Amino acid sequence: MEGRVVYVECPRDAWQGLPRFIPTAEKVAFLRELLKAGFDHLDLASFVSPKWVPQMADSEEVLKLLPPPDGRDYLAIVANERGMERALAAANLTSVGYPFSISETFQQKNTRRSIEDSWPLVAAMLARARNGGLELVVYVSMGFGNPYGDPWSAEMVVDFVGRLRALGVRRIAVADTYGVADAERIHTVLAAAAAAHGAADLGAHLHSRPDPDEVRAKVDAVLDAGVRWLEGALAGVGGCPFAGDELVGNLPTEVVLPHLEERGLSSGVRLDDLDRLAAAADRLRSHYAV
């Protein structure tokens, strides 16, 4: 639909860096509130080692306690074959997300695997996901630049997206993992990728300072590039450790969704629930951050 936007709410991204463990029951209660409000795409779990992300150690239990997706999308992040095995065995899951960095340094840091060695893994994950009834989403991390001095250009992103498409990956989101892309760069990269490979099933996972004007400018840059898939988190929860600015977090959902409505686009989420849900998200952050 022309007036419809895919909006992915990302509690997993919001919670994973909190130092104190959020009890499973509280996670499930919050997720159920999101579902009641009409959120139908949730990035809510990850299957990585609890040693590295202890907050997500209960992902299987969280998924088991949720209502069946019934047409909604429940996504979990995986980084390797072991994560995929756990995802395939999990209840209620519909999609897995793989972070695939265009920065060689970050790919090594994040997955202990080079970019070139990761291509066969992506192909294998795609096949296993399809055979198991799951969809594979690839996040092109460091998609708008990196802090390491690794090569980067909009053309590299376009080529990366093209190679993923050729492999058979349908859903691809370009991520501002570094947290510093301005609206102009966001538009340039996404418009180039959309022109080369189509805007359908192309998304953006961005970060921003908590300035509504900055947030809206970045959203406009995505929309004006023809892209209709955005991601964020209520209250902007979820820092960006690579940005060097503790104020940089996820796009705040309570700013993004009303702006989409002003532009004649709908996410299917009830706007009158946003302030209450944003306050609940902020309470979780405050309580479990210390």
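Residues numbered from 1 in each chain as written. Predicted model: local features only at pLDDT ≥ 70, side-chain atom pairs only at ≥ 80, totals over all residues. Heavy atoms only, no water.

Thoughts on the layout of surface pockets
By rolling a water-sized probe across the atoms, one finds the places where empty space is left. The volume enclosed by the second largest pocket comes to roughly 280 Å³. Residue composition of the lining of the second largest pocket, grouped by class: 5 nonpolar, 4 polar and 5 charged. (1 Å grid on protein atoms, 1.4 Å probe; cavity = no way out; pocket = protein on both sides within 12 Å on 5 of 7 lines; lining within 4 Å. Points joined across faces, edges and corners; volume = space filled by probe spheres on them. Nonpolar A, V, L, I, M, F, W, Y, C, P; charged D, E, K, R; others polar.)

Notes on the packing of helix α8 (residues 183–197) against helix α9 (residues 212–224)
Each pair of packed helices gets described by two things: the angle between the helix axes and the distance between those axes. In contact at an axis separation of 8 Å, α8 and α9 are set at 20° when each is read in the N-to-C sense. On the basis of their axis angle, the class for α8 and α9 is roughly parallel. In this structure, the crossing between α8 and α9 has a hand that is right-handed. Contacts between α8 and α9 pair Ala183, Ile186, His187 and Leu190 from the former with Ala217, Lys218, Ala221, Val222 and Asp224 from the latter. Taken together, the residues that form the contact of α8 with α9 break down as 6 nonpolar, 1 polar and 2 charged. (Axes fitted to C-alpha atoms, helices over the stretch in contact; angles between N-to-C directions. Helix = DSSP H or I, 4+ residues; strand = E, 2+ residues; numbered from the N terminus. Parallel < 35°, antiparallel > 145°, perpendicular 65-115°, else oblique. Left-handed = near helix turned anticlockwise from the far one by under 90°. Contact = heavy atoms within 4.5 Å.)

What about the pairing of strand β4 (residues 95–101)?
A large share of β4 lies buried, amounting to 7 of its 7 residues. Residues Ser95, Gly97, Pro99 and Ser101 line one face of β4 and the alternating positions Val96, Tyr98 and Phe100 line the opposite face, and both faces are buried. Note: strand β3 (residues 73–78) against β4, 3 bridges, orientation parallel. Considered in β4, the bridge of Ile77 is made with Gly97. Viewed along the sheet, the connection from β3 through helix α4 (residues 81–89) into β4 turns out right-handed. The pairing of β4 with strand β5 (residues 135–141) spans 7 bridges and is parallel. Pairing of Phe100 across the sheet is with Val140, part of β5. (Buried < 20%, exposed > 50% of the residue type's maximum accessible area, 1.4 Å probe, protein only. Pairing = 2+ DSSP bridges. Right-handed = clockwise from strand over helix to strand, strands pointing away.)

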